[in-house]
Amino acid sequence: MRRAICITLLVCLGTWVLAGQENPDGDAKSKVMALERLWGEAAQMRDTNALGSIFDDSLTYVHIDGRLMTRSEVLQDTKAASPVEIVVESAAARSHGNTVIVTGVMRLKGVEHRKPYLLYGRFVDTWLYKEGRWVCISSMTTHMMR
Amino acid sequence: MNECLTASVKAAWDRDKADMTARVAKFLCVMMLGAAAVHLVGQSADTSATRSRILALEHAWNQAEAFKDLKALDALFDNGLVYVDADGTLMTKAEFLSQVKSEHVQQIITELMTVQVFDNTAIVNGIYRSAEFKNGKPLTRRGRFIDTWVYKNSTWVCVAAQATPVVR
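On a predicted model such as this, the values are computed, not experimentally measured, just so you know.

1. Side note on the overall build of chain B
Move 1: Helix and strand content of chain B: three helices and six strands.
Move 2: Secondary structure elements in chain B, listed N-terminal to C-terminal, are α-α-β-β-α-β-β-β-β.
Move 3: Counted over contacts in chain B with a minimum sequence separation of 6, partners at least 24 positions apart contribute 50%.

Here you go:
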């Protein structure tokens, strides 16, 4: 019985200590950059399952046209959108403990209402290390004139 | 006789010991449940307090920008701030502060704001309206923004801010 109590206390103490620790993975930036690449590919392939695993349930997303969207709206929009070519021209990550900020420029090329378009956008994505994995909690793209 | 007495004393002592251990275990369980409940209540109170704190910082930002209070702005931003203006220009903290110094903003009003707290990170999204003078003419801008705040060195600092124009 005493042994069981000791184990319970140790487990509780261990959980408490671990909960207060920051993400021990020092290579957070490269993991997040890999997820950014996956995001681009998944968006292009309209793979909503892959996208769903990248986004946190409470994702805050602002589309290049200024629309504020939830996670489910982004997934629905991706499914319904016409094919688009997404090229990330540049991207950089900055780590703040369990949070990583990615900034970059992307090029969107597609056809809408039978008219071809080419857009450039500057994006900022916020990633959070949550329950053992990195998830995107916010994303915004601002249209750039070129 | 003696042996029988010793055995019954030992049995009673064992019973007491088992009883005591069970009571200690019960006590520990109750204590742990209590601690967990206090932790959860504390967490929700913390989240609410953090939301209010972040909203206050957002308002302080608006005030400081309108009054060109660079010292106050400096304290609100992390040194690694990434700022994306509504036209897509990427700026560092120093560049943004320099822009604030030279711009002619009279007023910044936040129409809507939502704060989401994730432990040491908070996301704010909202709509702002700014009134300024450009080339001697009054100009009103309206935009949507997302700001990311991180709790660092016992204070909340903005690490990323971005805006995009909103069509009326």
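Next, the rest of the story.
2. Re the overall build of chain A
Move 1: For chain A, the helix and strand inventory stands at four helices and six strands.
Move 2: N-terminal to C-terminal, the α/β element order of chain A is α-α-α-β-β-α-β-β-β-β.
Move 3: Considering chain A as a whole, with its 146 residues, one finds that 27% of them fall into the buried category.
Move 4: Look at the contacts in chain A between residues 6 or more apart in sequence, and 51% of them connect residues 24 or more apart.

3. Points about the sheet that holds strand β4 (residues 121–134) of chain B
Residues and elements named next belong to chain B.
Move 1: Spatial strand order, β2-β1-β6-β5-β4-β3: six strands in an open sheet with mixed pairing. Each having just a single partner strand, β2 (90–91) and β3 (105–118) make up the two edges of the open sheet.
Move 2: Alignment of strand β5 (residues 137–152) against strand β6 (residues 155–165), held across ten bridges, turns out to be antiparallel. Within the sheet, the bridge partner assigned to Trp 149 lies in β6 and is Cys 158.
Move 3: Where helix α3 (residues 93–102) meets the sheet, its contacts fall on β1 (77–84) and β2, and the angle it forms with β1 comes to roughly 70°.

4. Overview of the environment of Ala43(A)
Residue and element names in this part refer to chain A.
Move 1: Take Ala 43: it is sitting in helix α2 (residues 28–45).
Move 2: The exposure class assigned to Ala 43 is buried, which follows from the 20 C-beta atoms found within 10 Å.
Move 3: Remark: the alpha-carbon pair of Ala 43 and Thr 78, spanning 35 residues in sequence, is separated by 6.7 Å.
Move 4: Each residue touching Ala 43, except ones within four places of it in the same chain, is listed here: Leu 51, Thr 78 and Ile 86.

5. Notes on the interface of chain B and chain A
Move 1: Each partner contributes to the interface: chain B provides 30 residues, whereas chain A provides 28 residues.
Move 2: Looking at the side of chain B that touches chain A, the elements with two or more residues in it are α1 (2–66), β1, β3, β4, β5 and β6 of chain B.
Move 3: Counting residues per element, the side of chain B that touches chain A draws most heavily on β6(B), which supplies six residues.
Move 4: Looking at side-chain class alone, the side of chain B that touches chain A contains 17 nonpolar, ten polar and three charged residues.

What counts, and where the lines are drawn
Residues numbered from 1 in each chain as written. Chains lettered and ligands numbered in written order. Predicted model: local features only at pLDDT ≥ 70, side-chain atom pairs only at ≥ 80, totals over all residues. Helix = DSSP H or I, 4+ residues; strand = E, 2+ residues; numbered from the N terminus. Contact = placed C-beta atoms within 7 Å. Buried ≥ 20, exposed ≤ 12 C-beta atoms within 10 Å, placed from the backbone. Pairing = 2+ DSSP bridges. Axes fitted to C-alpha atoms, helices over the stretch in contact; angles between N-to-C directions. Nonpolar A, V, L, I, M, F, W, Y, C, P; charged D, E, K, R; others polar.

Remember that the coordinates give geometry; whether it matters functionally is a separate question.
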